[in-house]
Amino acid sequence: MEFVLYDVSDAVGVITINREKALNALNSQVLDELSQTLDQVDLDSVRCLILTGAGQKSFVAGADIGEMSTLTKAEGEAFGKKGNDVFLKLEKFPIPVIAAVNGFALGGGCEISMSCDIRICSDNALFGQPEVGLGITPGFGGTQRLARLVGAGMAKQMIYSARNIDANEAFRIGLVNAIYPQEELLDQAKKLAGQIAKQAPIAVRNCKKAINEGLQVSIDDAVAVEEKLFGDCFETEDQKAGMGNFLKKKDDPTKVKVVTFVNK
Ligand code: DAK
């Protein structure tokens, strides 16, 4: 692939958008390659993904303005669908995805980070939805996901004013979970991903599903979703290993405390 790198180590996959010359802006090819990369992730061995951008300046500086500028209405719709399909694929991806935001996260860049489960960022990160300054609305879910993450009032302020916010403000409003020096960001993302990858994988996947699906429905329906996914865990070997290990430890504290989950 020309614009997307994929590397796996210790059950953690790192997807890097590699179009540094254009600040990793999302053109059709990047979106296609991202989609293909996600299709290739081996869910038997990979338990957490990290999404980041190449270089030290930009995560993703948005959708490719050059490519968009000449689109017809039909082409615009097709481009929007391509982006939305990839973003939904990321959001619904069975395993967690951490966005390691290493610089500009503007427009589609902010939106793709919000399709991920968790956002952490470098100290030079800048977030924003500048679309209204370009004569368009955020089109890759920005009006929907930003409001869900930071509340309608803050989302409306950011989107209506097209004002970018720095890492500290993103942290303050809950858009990112942590800020690190640029040179530490990927290691910190891998550390967090490693911690997630150690847990019972089916339980982690079911948590992602329960949170995502539960947020879309009433609390009554949401707890029903949770009950079903909780129940499903009792058909797994990992539940037996996890609980068995706890009981063994209680009987004999010298027993090994680390349980290796088998993803079954
Ligand atoms: N698209 C294409 N190229 C971009 C780009 C972008 N979004 N952002 C930067 N580049 C390119 C620049 O053109 C430049 O290329 P060369 O001139 O060197 O060939 C190179 O990256 C370096 O950029 P700068 O020279 O501008 O670098 P600076 O450090 O001076 O400025 C900047 C960095 C991030 C502040 C600036 O590049 C900038 O403002 N970029 C645009 C940011 C932006 O407005 N992003 C939002 C794009 S709108 C839709 C769904 C979604 C969307 C649209 C429709 N549908 C449902 C239909 C999404 C829209 C967006 O994301």
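Look up a bit, the structure's there.
All residue numbers refer to position in the chain's written sequence, counted from 1. Residue-level local features of this predicted model are given only where pLDDT is at least 70; pairs of side-chain atoms are given and counted only at 80 or more, and the full residue set underlies all totals for whole chains, interfaces and linings. To obtain the side-chain values, all non-hydrogen atoms of the structure were used and water was disregarded.

(A) Summary view of the pattern of salt bridges. For this document, the term salt bridge refers to a Lys or Arg side-chain nitrogen within 4 Å of an Asp or Glu carboxyl oxygen. With the rule as written, the count across this model stands at 11 salt bridges. As a salt-bridge pair, Asp39 and Lys89 come within 2.8 Å of each other at their nearest N and O atoms. Pair noted here: Asp39 is in helix α1 (residues 28-40) and Lys89 is in helix α3 (residues 73-91), with a separation of 50 residues, a long-range link. For every residue, the accessible area (1.4 Å probe, protein chains only) is compared with the maximum for its type, and the residue is labelled buried under 20%, exposed over 50%, or partly exposed between those bounds. Using a relative accessible area of 27% as the deciding quantity, one classes Lys89 as partly exposed. Note on conventions: DSSP H or I runs of at least 4 residues are helices, E runs of at least 2 residues are strands, and numbering of each starts at the N terminus.

(B) Local environment of empty space enclosed by the protein. Only protein atoms enter the 1 Å grid used here. Points where a 1.4 Å probe fits but cannot escape make up a cavity, open sets with protein on both sides within 12 Å along at least five of seven lines make up a pocket, and a residue lines them when an atom lies within 4 Å of a point. Grid points are joined across faces, edges and corners, and a volume is the space filled by probe spheres set on the points. On inspection of all chains with the given rule, the structure shows 1 cavity of 30 Å³ or more. Looking at the largest cavity, its volume works out to about 60 Å³. In this structure, the largest cavity is lined by Leu43, Val46, Arg47, Ile95, Pro96, Ile196, Ala197, Gln199, Pro201, Val204, Arg205 and Asn263. If you list the elements that add at least two residues to the lining of the largest cavity, you get α8 (182-197) and α9 (201-214). The element contributing the most residues to the lining of the largest cavity is α9, with 3 residues. In the scheme used here, Gly and all other residues not listed as nonpolar or charged are polar, with Ala, Val, Leu, Ile, Met, Phe, Trp, Tyr, Cys and Pro taken as nonpolar and Asp, Glu, Lys and Arg as charged. The residue inventory of the lining of the largest cavity, partitioned by class, reads 8 nonpolar, 2 polar and 2 charged.

(C) Expanded view of the nonpolar core. Within this scheme, the nonpolar core is defined by two criteria: the residues are buried Ala, Val, Leu, Ile, Met, Phe, Trp, Tyr or Cys, and they are joined through side-chain atoms within 4.5 Å. Leu34, Leu49, Leu51, Phe127 and Leu175 are the most contacted members of the largest nonpolar core, which has 45 residues in total. In terms of nonpolar packing, the next biggest core, distinct from the first, is built from 15 residues, Ile98, Ala100, Ala189 and Ile196 among them.

(D) Quick look at the site of the ligand. One heavy atom suffices: a residue is near a molecule or strand as soon as one of its heavy atoms comes within 4 Å of it. Neighbouring residues of the ligand: 23 residues in total, closest Lys57, Ala61, Ala63, Ile65 and Gly108. Two N or O atoms count as a polar contact when they lie within 3.5 Å, although within protein this holds only if one can serve as hydrogen donor and the other as acceptor, and sequence-adjacent residues are included solely when both atoms are side-chain atoms. A distance of 2.9 Å separates a nitrogen atom of the ligand from a polar backbone atom of Ala61. The backbone of Gly108 places a nitrogen or oxygen atom 2.8 Å from an oxygen atom of the ligand. Exposure was quantified through the Shrake-Rupley algorithm and a 1.4 Å probe, taking into account, for residues, occlusion by the shown protein chains and nothing else. Within the complex, 60% of the 1,100 Å² of free accessible area of the ligand lies under protein. In the shell around the ligand, the residues fall into 13 nonpolar, 6 polar and 4 charged.

(E) Here's a closer look at the sheet that holds strand β9 (residues 165-166). If you trace the 4 strands from one edge of the open sheet to the other, you get β4-β6-β8-β9, paired in mixed fashion. Where the open sheet ends on each side, the last strands, each with one partner, are β4 (58-60) and β9. Pairing analysis gives 2 bridges linking β4 to strand β6 (residues 104-106), with the strands arranged parallel. Each residue of the ladder has a partner; that of Val60, found in β6, is Ala105. Pairing between strands is defined by DSSP: at least two bridges between the two strands are required.

(F) Fine view of a nonpolar patch on the surface. Here the term patch refers to residues with relative accessible area over 30% and no salt bridge, with like charges joined within 9 Å and nonpolar side chains (Val, Leu, Ile, Met, Phe, Trp, Tyr) within 5 Å. Residues Ile65, Leu134 and Ile136 make up a contiguous nonpolar surface patch of roughly 270 Å² in combined accessible area. Residue placement: Ile65 occurs in helix α2 (residues 65-69).

(G) Layout of the pairing of strand β5 (residues 97-101). Counting buried residues in β5 gives 5 out of 5 residues, a clear majority hidden from the surface. With burial as the criterion, each face of β5 is covered, one bearing Val97, Ala99 and Val101 and the other bearing Ile98 and Ala100. Pairing analysis gives 4 bridges linking strand β3 (residues 48-53) to β5, with the strands arranged parallel. Counted as the bridge partner of Thr52 is Ala100 from β5.

(H) Representation of the layout of surface pockets. In this structure, the largest pocket occupies an estimated 870 Å³ of space. Among the secondary structure elements, those contributing two or more residues to the lining of the largest pocket are α3, β7 (118-122), α5 (142-150) and α9. Ranked by the residues each element gives to the lining of the largest pocket, the list is headed by α9, at 8 residues. Counted by class, the lining of the largest pocket contains 13 nonpolar, 5 polar and 10 charged residues. In this structure, the second largest pocket encloses a volume near 340 Å³. Ala63, Met68, Glu131, Ile136 and Gly139 are, among the 20 residues lining the second largest pocket, the residues nearest its centre. Those elements giving two or more residues to the lining of the second largest pocket turn out to be α2, α3 and α4 (108-114). In terms of residue count, α3 provides more of the lining of the second largest pocket than any other element does, 3 residues in total.

Any functional reading would require information beyond the geometric quantities listed.
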